[in-house]
Structures are given as structure tokens and as C-alpha cells.
Amino acid sequence: MTMSEEVPGINQSYVAGKIKIAQTFRGKPVAHDAERSNRLPPGQRLVSTFPVLDLGIQPHPQRFANWQVEIAGLVNTPQTFSLDELASLARTEITADFHCVTRWSTYDLQWEGVLLRDLLQHVGLQEGATHLIFHGFDGYTTNVSLEEAATDTGMLALLLNGEPLSREHGGPIRGIIPQLYGWKSAKFLTKITVTNHDELGFWETRGYHQHGDPWNEERYAE
Ligand SMILES: Nc1nc2c(c(=O)[nH]1)N[C@H]1C(S)=C(S)[C@@H](COP(=O)(O)O)O[C@H]1N2
Ligand SMILES: [Mo]
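Cut-offs and rules
Residues numbered from 1 in each chain as written. Chains lettered and ligands numbered in written order. Predicted model: local features only at pLDDT ≥ 70, side-chain atom pairs only at ≥ 80, totals over all residues. Heavy atoms only, no water. Salt bridge = Lys/Arg side-chain N within 4 Å of Asp/Glu carboxyl O. Helix = DSSP H or I, 4+ residues; strand = E, 2+ residues; numbered from the N terminus. Buried < 20%, exposed > 50% of the residue type's maximum accessible area, 1.4 Å probe, protein only. Near = heavy atom within 4 Å. Polar contact = N/O pair within 3.5 Å; in protein donor to acceptor, adjacent residues only side chain to side chain. Areas by Shrake-Rupley, 256 points an atom, 1.4 Å probe, with all protein chains shown as cover. 1 Å grid on protein atoms, 1.4 Å probe; cavity = no way out; pocket = protein on both sides within 12 Å on 5 of 7 lines; lining within 4 Å. Sits in = over half its atoms within 2 Å of the grid points. Nonpolar A, V, L, I, M, F, W, Y, C, P; charged D, E, K, R; others polar.

**Looking at the pattern of salt bridges**
One pass over the structure, following the stated rule, counts eight salt bridges. The salt bridge involving aspartate 97 is made with arginine 39; its shortest N-O contact spans 2.8 Å. With aspartate 97 in strand β4 (residues 92-99) and arginine 39 in the loop between α1 (12-25) and β1 (45-46), the pair connects residues that are 58 residues apart, well separated along the chain. Exposure remark for aspartate 97: the relative accessible area of 17% places this residue in the buried category. Judged by relative accessible area, arginine 39 falls into the partly exposed class, the value being 36%. For glutamate 204, the salt bridge identified is with lysine 184, shortest N-O distance 2.7 Å. Taken together, the residues span a long stretch of sequence, with glutamate 204 in the segment after β11 (189-195) and lysine 184 in the loop between β10 (174-176) and β11 at a distance of 20 residues. As far as burial versus exposure is concerned, glutamate 204 and lysine 184 are alike and both buried. A cluster of three or more residues bridged by salt bridges with shared partners is formed by Arg39, Asp97 and Asp108.

Given below as C-alpha cells:
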């Protein structure tokens, strides 16, 4: 996919605006290895709300009951899970801060769901597997290394702050990679593809950083 390719139905002016920002900031100096004892990563501003940002295509909640998440690619047993099947796997709760590349951060979100580590162990990784790609209902994709995903906090979240995840924040299920910028946390998750190389996702093909570590200000491609 090229930078200019249009995806039907998405908010094109939102996307065009972000591409422009990525181009403007490309190669500009950023903080590296910021002090993690400062809870707020460099260039971020703390907000007390949890803004909603996406391409503008959200699934109708009527779809939630029959939602499925497919795990494909370099796994031993490719499998399609219903929400109930996912919910019946070992459940984990985490509390994490959320850092958006558009410079707001919000603290102490409580996510509950299934650790990617547990899920990947369940389906079995094939030799050579190094990365995954999250796919959203809206056609959104984002790439994450297994090193960043299969941690003790990387998860598929079903609940936010004790409530079923709302449509606005990515319900019924969302990938959560809390140590990276929020664009790596794919909403309305429908599929995970495990790969043996790093393939760029929606924003990564449009000028965003391949990795996205807020403590190194990995906002845009260098
Ligand atoms: N499926 C999907 N997931 C997505 C996005 C999207 O457009 N579609 N946007 C990403 C971006 S850029 C951000 S900042 C966060 C915003 O999450 P929020 O709306 O819960 O704040 O979702 C990320 N995950
Ligand atoms: Mo974002």
C-alpha cells in the first residue's frame, strides 16, 4: 500500500492531516531514552479524559455477540475464537498508562483480558515467528514484534475499568500494547497474523514509526 492509497469509508481528512504531521516532523530531533521515573513520556501532556480516535468506522454493537478473532500465520494451530472462547482462557488484569502520538496521555487504565503470551502459547508459535499484525474491523492494521507483544502486559482486552469494552474504545475486543504509543493498540480486533518479518501497518505505511516507543519519541519514521 502506498501513502496515497485510499481505503473506502474512512475519514480521509483525518488521515490526510496525520500524514502531513508525519511528514512535517520526519527527521526532527526527538528525546531519546527519556527518564522513565518521569511518568509522563517526553512531549506528552496529561489529560483526565480518554479521547476517542480512529478511522471513523466502528462496528455496530449488535455485531458483538457473534464476534470472532482469527489467529493465523506462523502458528501451529490456526484458530478462530469466539469472545466466549477467548474469555474462557486465563484472564489477566493490568493497570497501564496510555500515550497517544497526538501528545495526550491518560493514566491508570484498567484492562482485563487474555495475555498475548498465553494466547500464543495456546496456538503454538512456529519456528521463525518474530512479529504479529493486528487487524481491525475497520481495515486498520498495525505491526508489533513478538518481543513487545508477548510480555506480562501485552493483551487482548475485553474489559476496560471493569466494564465490557465500549465500541468507542475498540469493543468488543482490542489489542493492548501499553508500553508503545496508542496506535499499536488495535481496536475492534478481528485477526492476528503471526509473521517472520516486520510488515508495516496502516499508520506505519503513512509515515509513523515502525516501533513506537514513547520514551524514545518514536512518533514518526526517521
Ligand atoms: N481498529 C483501529 N484501531 C486503532 C485505530 C483505528 O483507527 N482503528 N487508531 C489507533 C490510534 S491512532 C489511536 S491514538 C488509538 C486511540 O484509541 P482510543 O480511541 O481508545 O483513544 O487507537 C488506535 N487503534
Ligand atoms: Mo493516534
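Still more to cover.
**Quick look at the site of ligand 1**
Taken together, the neighbourhood of ligand 1 is formed by 21 residues, with Pro51, Asp138, His169, Arg174 and Lys187 sitting nearest. In the model, a nitrogen atom of ligand 1 is placed 3.0 Å from a nitrogen or oxygen of the serine 185 main chain. Here ligand 1 has 530 Å² of accessible area as a free molecule, and 99% of this is covered by the chains. For ligand 1, the cavity whose grid points lie within 2 Å of the majority of its atoms is the largest cavity. Here the residues of the shell around ligand 1 sort into 13 nonpolar, three polar and five charged.

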